[in-house]
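Structural overview
Residues per chain are reported as follows:
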Amino acid sequence: MSQYNLNKLFHPESVAVLGASDRSGTVACTVMENLIAGGFQGPIYPINPKREQIMGIAAFPSVTKVQNPIDLVVICTAIASVPTVLEECASVGIGAAIIFAAGGKEIGEEGALIEEQIRAAARKGRIRLVGPNCMGISVGAVDLNASFFQGMPHQGRVAFASQSGAMCSTVLDYGLGERIGFSHFVSVGSMIDVDFADLIDYFGNDPDVGSIILYVEGISNTRKFLSAARAVSRIKPIIVLKSGRSQAGAAAAQSHTGALAGEDMVYDAAFKRAGIIRVNMLEDVFNCADLLAKQTPPRGSNMAIITVAGGLGVMAADYLSEYGLQPAILRSETIKALNQYCPPVWSHTNPIDVTGAMNFADMPKLISICAQAEEIDAISVIFIPNGLMPPAEFAELLVRERTVTDKPIFVVLPGGEQAKAGRNVLSQNGFPTFASPDSAIRSFHYLYEYQRGLEMLTEVPRPTRTAVKVDREAGRAIVDGPLGSQRHLLTEYESKQLLSAYGIPANETYVAEDPIRAVQLARKIGYPVVAKIHSHTITHKSDVGGIRLDLRNADDVIDAFNQIKEAVELHAPEDHFGGVTIQKMVRDKGYEVILGSKFDPDFGPVIVFGMGGVMTEIIKDRAVGLPPLNRLLAGRMIEETKVFQLLKGFRGQPGVNIELLEEILIRLGRLVSDFPEIQELDINPLLISDRTAYALDARVVIGPPARPAPWHMALSTYPEEYEEEIVSREGKRVLIRPVRPEDAPWLTGFVVALSESSRSGKLVRPYQDFDDQFIARLTQIDYDRDMVLLAVTSLQGTGEIVGMARYFGDPDLIEAEVFVTIVDAWQGKGIGAKMLQLIWKAAAKRGFKKAWGYCRPSNEGIISLVERQEKAQIFPVEDGQRLKVLVDLTVFQQ
């Protein structure tokens with residue numbers, strides 16, 4: 001998440017325009033005009049060897065001839081010249097550049113080669129790049145318009161970035177017309193350097209930015225993007241309009257899972273996991289940004305619909321239903337309060353249809369009643385033009401008698417000029433307004449999902465019933481064997497063995513190469529049994545007649561063997577036939593579901609859950625998620641499907657063991673996290689009941705991994721390599737391990753138990769105040785960015801927490817702040833010193849160059865450890881009560 005020199009890009013003190021011109025109609029001329037018209041206060045240096053001045057400003061033949069420092073260079077020359085230009089810029093210390101020219105990778109190999117040369121020159125000179133093939137940037141805080149946009153955006157608190165220049169022009173024009181203000185307006189172009197992740201990190205730390213809007217066509221480094229988004233979305237909303245919602249590519253999949261998990265569903269899952277609001281219409285982008293700037297997200301899904309037009313109220317309720325939501329059910333107390341102001345003919349239910357008999361002057365009182373009602377989370381007010389109160393007068397009434405509440409209020413004023421006048425009044429006074437019920441309900445749904453996403457980022461997942469233990473060595477042997485012989489499809493037997501190695505239950509399955517062995521196995525298992533084709537090449541058994549059910553005796557088994565063999569010879573003579581598998585005919589009652597995974601080229605392994613059986617691809621009831629999973633995430637996936645209504649129990653049928661199903665999903669996520677070789681995996685069906693679960697069929701497709709584990713994942717996984725068992729000075733064994741989200745309750749107890757001195761002691765940030773969000777920040781970490789190590793008394797990793805060490809650092813991996821805290825009863829036993837060494841090593845392994853922290857002068861153990869450390873320093877702090885410790889981490893990287 002590199003941030004170096006981005007201040008020189010977005011807050012430059014001086015700008016050079018290379019290839020500057022005053023020839024009308026050229027990019028170079030428009031850039032110069034925009035810089036001047038925008039009011040940039042720093043010096044502007046036109047660079048053109050053929051001119052002495054441009055637009056009244058002295059020109060220079062090259063950047064090397066400018067005697068003063070230059071922060072940002074805007075390059076208006078052809079793309080072929082850019083590598084040489086960047087070398088010249090690096091020689092005078094220029095920190096950032098914008099490249100307008102097209103002709104990069106979009107034209108083929110020649111352009112890709114030029115881009116690589118540009119990238120190399122920029123890295124060597126430590127120059128940050130926007131572009132090529134972009135329209136430039138605009139930053140309101142410094143009056144910078146280094147672009148060829150058609151104007152300067154209004155100043156505001158929305159940061160906008162787009163891969164599409166055409167979308168930049170559209171959004172800018174829309175913003176100018178609707179007076180929407182932007183803090184930053186960025187056309188990113190080809191993103192050979194500065195990308196969406198860099199921008200999210202930068203905007204997240206910029207106090208001038210209130211919300212972030214991105215127009216995304218594709219994401220190259222998804223792990224970097226999701227890491228930045230997960231960090232920033234907790235503090236600032238990120239709204240994404242993603243183009244390309246097609247299912248292209250799914251048709252080539254070999255498994256049900258591959259066909260179910262289309263590209264767009266994967267993006268949906270990724271955005272949801274990162275706390276991003278994904279919208280589908282340009283109008284919704286600005287509606288959501290406007291809402292978030294003016295009001296807080298709803299705490300729940302229960303909306304009150306106050307309407308003077310019954311039909312529009314019903315439409316609003318219908319739109320809620322499309323998103324699986326319902327209007328709030330009014331309590332009798334709320335109805336009684338509304339009766340005081342509504343006419344007798346009002347609906348007495350929600351939607352609150354007050355009809356035309358309403359005294360419109362009392363409408364604010366209805367809003368106030370709904371704002372105080374505990375069963376209501378949000379309020380929609382629908383008002384139409386009428387002869388009694390024009391919309392503008394109604395808007396002024398709402399402004400004058402504004403209800404103070406933390407519940408969002410959505411005001412809908414449909415219609416033409418009269419309604420628009422009312423919307424303008426409300427908008428100028430901080431009310432989110434909408435021209436139709438559907439746009440209001442869509443925005444409410446987006447904000448509700450955003451709030452749910454934020455809760456998911458901080459909610460503590462329930463622990464699994466038992467530790468998720470796996471046999472990775474057994475799994476490795478199962479995968480490596482076929483892959484070593486250039487075979488990419490595991491047999492059903494091998495697939496179930498792989499699942500069993502990771503604790504995923506499967507019905508017993510045995511291989512019979514001939515009819516005699518098939519009968520022997522059937523007798524061993526006990527009739528009735530099932531026979532299925534055993535093949536290295538056939539993916540879907542039923543397609544070739546490769547399944548025979550309910551075999552009750554030896555004759556049935558022999559006939560089934562021969563029939564399956566003949567069916568394969570008839571339908572797929574070129575395919576491998578290796579006999580059959582014999583399995584117990586499972587008669588347990590339950591529901592069939594599908595669990596699976598596919599490897600997405602951008603996001604790595606993707607988990608799919610839904611209704612199973614042979615009709616799964618037609619019904620398409622499925623949810624998609626990114627591993628690793630915990631109970632909370634697995635539960636959310638299950639709840640998103642229609643089959644969940646059956647799994648809970650339906651019409652007298654018992655519900656299934658949801659906890660067991662969650663654990664199986666967690667184990668599946670662990671399996672595909674450990675094995676990047678898995679390209680596709682199907683468990684279809686998994687038969688789940690109130691007591692048991694069995695994978696009745698399984699299919700795994702493998703291939704050489706594109707990246708080794710865990711770097712094939714879009715999200716960081718639990719880093720087991722940091723687990724280490726240590727012994728205290730008293731001989732007690734302690735396990736030091738990375739923190740997990742499930743540790744939240746125990747970590748809360750740890751912090752509560754600390755004495756005042758321990759809370760401000762060894763390399764520690766004082767815990768003066770803490771809440772659930774504080775604990776969530778410590779437990780729900782991105783291991784790519786931060787590290788928290790815990791010392792626990794149980795070697796199984798679930799005992800009392802007696803110590804904690806943490807580092808967190810800047811995105812450029814230069815410095816990391818480190819602190820260590822030990823519970824009082826365990827101080828002086830060598831635990832703190834060992835944890836400090838381990839957290840230093842973890843920071844060094846991540847790539848940080850230095851670590852720093854504070855300790856008290858009385859802490860002789862820490863001071864002694866630091867003094868023994870090579871290239872470590874200790875400085876007194878001005879307050880006289882602390883010492884600052886600075887450690888060179890490069891000694892751990894040698």
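Described in the following lines is the structure provided in the data block. (Residues numbered from 1 in each chain as written. Predicted model: local features only at pLDDT ≥ 70, side-chain atom pairs only at ≥ 80, totals over all residues. Heavy atoms only, no water.)

1. Considerations on the sheet that holds strand 9 (residues 144-147)
In space, the seven strands of this open sheet follow the order 9-8-11-10-12-13-14, with mixed pairing throughout. Since the sheet does not close on itself, it has two edges, and those belong to strand 9 and strand 14 (277-279), each with one partner. With direction set aside, neighbouring strand axes in the sheet form an average angle of 20°. Where strand 8 (residues 136-139) lies against strand 11 (residues 181-187), four bridges are found, and the strand directions are antiparallel. Bridge assignment links Ile137 to a residue of strand 11, and that residue is Val186. Against the sheet, helix 10 (residues 282-294) touches strand 10 (154-162), strand 11, strand 12 (211-216), strand 13 (238-242) and strand 14, its axis set at about 175° to strand 13. (Pairing = 2+ DSSP bridges. Helix = DSSP H or I, 4+ residues; strand = E, 2+ residues; numbered from the N terminus. Axes fitted to C-alpha atoms, helices over the stretch in contact; angles between N-to-C directions. Contact = heavy atoms within 4.5 Å.)

2. Looking at the environment of Asn424
Tracing the backbone shows Asn424 in helix 15 (residues 417-428). Residue class for Asn424 comes out partly exposed when judged on its relative accessible area of 37%. Separated by 29 residues in sequence, Asn424 and Ala395 have C-alpha atoms that sit 8.7 Å apart. (Buried < 20%, exposed > 50% of the residue type's maximum accessible area, 1.4 Å probe, protein only.)

3. Focus: the pairing of strand 12
Counting buried positions along strand 12 yields six of six residues, so the element is predominantly enclosed. Side-chain alternation along strand 12 places Ser211, Ile213 and Tyr215 on one buried face and Ile212, Leu214 and Val216 on a second face that is also buried. Here strand 10 pairs with strand 12 via five bridges, running parallel. Each bridged residue has a counterpart across the sheet, and for Phe160 the counterpart in strand 12 is Ile213.

4. Description of the nonpolar core
Formed by 64 residues in total, the largest nonpolar core has its most connected members in Leu9, Ile98, Ile137, Leu144 and Leu214. Excluding anything up to four places from it in sequence, Leu144 contacts Leu9, Pro12, Val15, Leu35, Phe40, Leu72, Ile137, Ser138, Val139 and Met152. Ranked by size, the runner-up nonpolar core spans 55 residues in total, among them Val734, Ile736, Phe819 and Val885. (Core = buried A, V, L, I, M, F, W, Y, C linked by side-chain atoms within 4.5 Å.)

5. Considering the packing of helix 11 (residues 310-322) against helix 16 (residues 437-458)
At a closest axis distance of 9 Å, the pairing of helix 11 and helix 16 adopts a crossing angle of 35°. In the packing of helix 11 onto helix 16, the handedness of the crossing is right-handed. From helix 11, Leu312, Ala316, Tyr319 and Leu320 reach across to helix 16, where they touch Pro437, Asp438, Ile441 and Phe444. Among the residues making up the contact of helix 11 with helix 16, the classes are represented as seven nonpolar, no polar and one charged. (Left-handed = near helix turned anticlockwise from the far one by under 90°. Nonpolar A, V, L, I, M, F, W, Y, C, P; charged D, E, K, R; others polar.)

6. Comments concerning the side chain of Thr581
Its location among the elements puts Thr581 in strand 24 (residues 580-584). Since its relative accessible area comes to 0%, Thr581 is described here as buried. Of note is the side chain of Thr581, whose polar atom sits 3.1 Å from the side chain of Gln583. Setting aside its immediate chain neighbours within four residues, Thr581 contacts Glu492, Thr509, Tyr510, Val511, Val530, Ala531, Lys532 and His534. (Polar contact = N/O pair within 3.5 Å; in protein donor to acceptor, adjacent residues only side chain to side chain.)

7. Some details on the sheet that holds strand 37 (residues 872-876)
The strand order across the open sheet formed by eight strands is 31-32-33-34-35-36-38-37, and the pairing between neighbours is mixed. Bordering the open sheet on either side are strand 31 (724-727) and strand 37, each of which pairs with just one other strand. Pairwise comparison of adjacent strand axes, ignoring direction, gives a mean angle of 20° for this sheet. Relative to strand 35 (residues 815-822), strand 34 (residues 801-809) is paired through seven bridges, and the arrangement is antiparallel. What sits directly across from Met804, in strand 35, is Thr821. Its contacts with the sheet put helix 28 (residues 860-868) on strand 36 (850-855), strand 37 and strand 38 (883-888), and the angle it makes with strand 37 is roughly 135°.

8. Looking at the pairing of strand 31
Pairing between strand 31 and strand 32 (residues 733-738): four bridges, direction antiparallel. When the sheet's bridge partners are listed, Val727 is paired in strand 32 with Arg733. As consecutive antiparallel partners, strand 31 and strand 32 are separated by five residues, and within that stretch Gly731 has a phi angle of approximately 85°, a positive value.

9. Observations concerning the packing of aromatic side chains
Scanning the model with the defined rule gives 24 aromatic pairs in all. When the centroid spacing of 6.2 Å and the interplanar angle of 85° are considered together, the rings of Tyr718 and Tyr783 count as edge-to-face. Here the residue Tyr718 occupies a position in the loop between strand 30 (698-702) and strand 31, and Tyr783 occupies one in the loop between helix 26 (772-779) and strand 33 (786-792), the gap between them amounting to 65 residues. Classification of Tyr783 as buried rests on a relative accessible area of 13%. Ring geometry for Trp852 against Tyr854: centres 5.6 Å apart, planes inclined by 85°, an arrangement best described as edge-to-face. For Trp852, a relative accessible area of 19% corresponds to the buried category. By the ring-pair criterion, three or more aromatic residues cluster together here, those being Phe149, Phe160, Phe182 and Phe185. (Phe/Tyr/Trp six-rings, centres within 6.5 Å; stacked < 30°, edge-to-face > 60°.)

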